[in-house]
Amino acid sequence: MQIRLALAFLLIACAAPAQKVTAVRFAKLWDGEKTIDRPLVVIEGSRIRSVQAGEPAAPSGAEVVDWSRYYGLPGLIDVHTHMTYISDQPGRIARGGNRMAAVTVFLAQENARKSLEAGVTTVRDLGSSEYTDIAMRDLINRGAMLGPRMFVCGYGITIGGSFRPGSNPQPGPGTADSPDQVAQVVRRMIAAGADVIKMYGSVGGFENVNTQQTFTYEEMKAAVDVAHLMGKKIAIHSYGPEGGRDAVRAGADSLEHAVDLDDATLAEMVRRKTYYVPTIDHNRYYVDAAADYNFRAGSVDQLNAYIARNFETAKRAWKAGVRFAMGSDAVYTMFGKNTRELGWFVKAGMTPEQALKTATVNAADLLGQSADLGSATAGHYADLIAVEGDPLADISVAIEKVRGVMKSGVVVK
């Protein structure tokens, strides 16, 4: 009997297909913590098996990817996108409207491709309609669509209908008007397949840079408590300081956008290890694209004033010791420009290496994915990018000179 079992196990082992082995060469590799000279990254299947310095020989039979002209980095992570926001034509805003959800998902492939080619191998997508983000995530995971790995939220939670200008005020799957309703919506999103919860704690979006708080502290706390109880993290949007203060007090894992945060709130963010995702470049994009969006008169001046406040708040937050994660808030035609936020971070006082950490190790930690993402070390997914130049000396190299992209061991650019 024992001999038969041994033979059966041997046959199963022999039948199991061997995982493909790939070896990638770089001139240098920053692995998330340190720089390695002339490394060889050996990949088995979708994960890194080893990283060796000094230009060692590749394993016998391995497929060799020769990026020896380039500097290697872990794949970058954008923790704030809206992948399903697509533009049907210049000057026309269309977030779904009468378009069928299947059409939206199909057209959003372009946003996914552009993000990936910019070196973004993972995104946290913070708001869609009709669960199109969940559909995209699943299609990408099964290999039916090319794009970054996606962590999605379904609907962002809003008060009594979306606050965005011109939107439908009628209640929907993501709307709530009390702590109990908020808790129900959080559970609804998780049941639908959300990886993370998103809550809109203030007005603000597009050319609207008003900062009025919408949800109360008690409502934010209800969302945080249920999300954490069910093992999910939560991002809270607030354009202003009041909503930002209550989001931090309520226990949000990340605070998106907020300006004019007071010193007490910044200190609380440090104490709670709350991530700040300022999305400064997002409004720069709106300024540049104002004509395409048909923004009302005076909007550009208001956007520029908000950018200045956003940048000053980021400088103060960094000096105070707040943790940052890179989020673009990419929408419509902004995809492919996801990493420009890194330039703002350097201007705010970070070194290029510190800025890169916001899009790698920090972002992975915010996602709860540090064991899999954000580092180019053994055991992590083989998400790697090749850039031309030294990104630790000049952050623009990581933004503008991405020459190769690998996701899960597969070269996609």
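Quick note: structure is the one above.
Below, the structure is looked at part by part.

Concerning the pairing of strand β13 (residues 196–200)
Inference 1: Of all five residues that make up β13, five are buried, and the element is covered over most of its length.
Inference 2: Alternating residues of β13 divide into Val196, Lys198 and Tyr200 and Ile197 and Met199, and every residue in both groups is buried.
Inference 3: Where β13 lies against strand β14 (residues 233–237), five bridges are found, and the strand directions are parallel. By the bridge assignment for β14, tyrosine 200 is matched with histidine 237.
Inference 4: Crossover connection from β13 via helix α6 (residues 217–229) to parallel β14: handedness right-handed.

With respect to the sheet that holds strand β6 (residues 76–81)
Inference 1: Pairing is parallel across the open sheet formed by three strands, whose spatial order is β6-β9-β10. Only two strands of the sheet have a single partner each, and these edge strands are β6 and β10 (149–152). This sheet shows a mean twist of 20 degrees between the axes of neighbouring strands, independent of strand direction.
Inference 2: Relative to strand β9 (residues 120–125), β6 runs parallel, the two sharing four bridges. Considered in β9, the bridge of leucine 76 is made with valine 120.
Inference 3: Its contacts with the sheet put helix α4 (residues 132–141) on β9 and β10, and the angle it makes with β10 is roughly 150 degrees.

What to know about helix α8 (residues 263–272)
Inference 1: By the burial criterion, the buried members of α8 are Thr265, Leu266 and Met269. Looking straight down α8, one finds its buried side chains confined to an arc of 100 degrees; they lie on one side. Every exposed residue of α8 that faces more than 90 degrees away from the buried side is listed here: Asp263, Ala264 and Arg271.
Inference 2: Of the surrounding secondary structure, the elements contacted by the buried residues of α8 are α7 (241–250), β15 (254–256), β16 (275–277) and α11 (299–320).
Inference 3: At the N-terminal boundary of α8, the capping side chain belongs to aspartate 262, with an oxygen 3.2 Å from the backbone nitrogen of alanine 264.
Inference 4: Where α8 terminates, the next one or two residues include lysine 273, which has phi positive at roughly 60 degrees.

Side note on the side chain of histidine 380
Inference 1: For histidine 380, the location among the structural elements is in the loop between α14 (361–367) and β18 (384–387).
Inference 2: In this structure the side chain of histidine 380 is engaged in a polar contact, spanning 2.9 Å, whose partner is the side chain of threonine 377.
Inference 3: Sequence-distant contacts of histidine 380, that is, excluding residues within four places in its chain, are made with Ser46, Arg47, Ile48, Ser370, Ala371, Asp372, Leu373 and Ser375.

Re the pattern of salt bridges
Inference 1: Per the stated rule, a full pass over the model turns up 27 salt bridges.
Inference 2: Glutamate 207 serves as the salt-bridge partner of arginine 296, at 3.1 Å between the closest nitrogen and oxygen. On the criterion of sequence distance, the pair formed by arginine 296 in the loop between α10 (290–293) and α11 and glutamate 207 in the loop between β13 and α6 is long-range, its members being 89 residues apart.
Inference 3: By relative accessible area, glutamate 207 is classed as buried at 13%.
Inference 4: Between glutamate 268 and arginine 271 there is a salt bridge, and its shortest N-O distance comes to 2.8 Å. In this pair, glutamate 268 and arginine 271 are both assigned in helix α8, three residues apart and thus about one turn of the helix distant.

Thresholds, definitions, all that
Residues numbered from 1 in each chain as written. Predicted model: local features only at pLDDT ≥ 70, side-chain atom pairs only at ≥ 80, totals over all residues. Heavy atoms only, no water. Buried < 20%, exposed > 50% of the residue type's maximum accessible area, 1.4 Å probe, protein only. Helix = DSSP H or I, 4+ residues; strand = E, 2+ residues; numbered from the N terminus. Pairing = 2+ DSSP bridges. Right-handed = clockwise from strand over helix to strand, strands pointing away. Axes fitted to C-alpha atoms, helices over the stretch in contact; angles between N-to-C directions. Contact = heavy atoms within 4.5 Å. Arc of directions from axis to C-beta. Polar contact = N/O pair within 3.5 Å; in protein donor to acceptor, adjacent residues only side chain to side chain. Salt bridge = Lys/Arg side-chain N within 4 Å of Asp/Glu carboxyl O.

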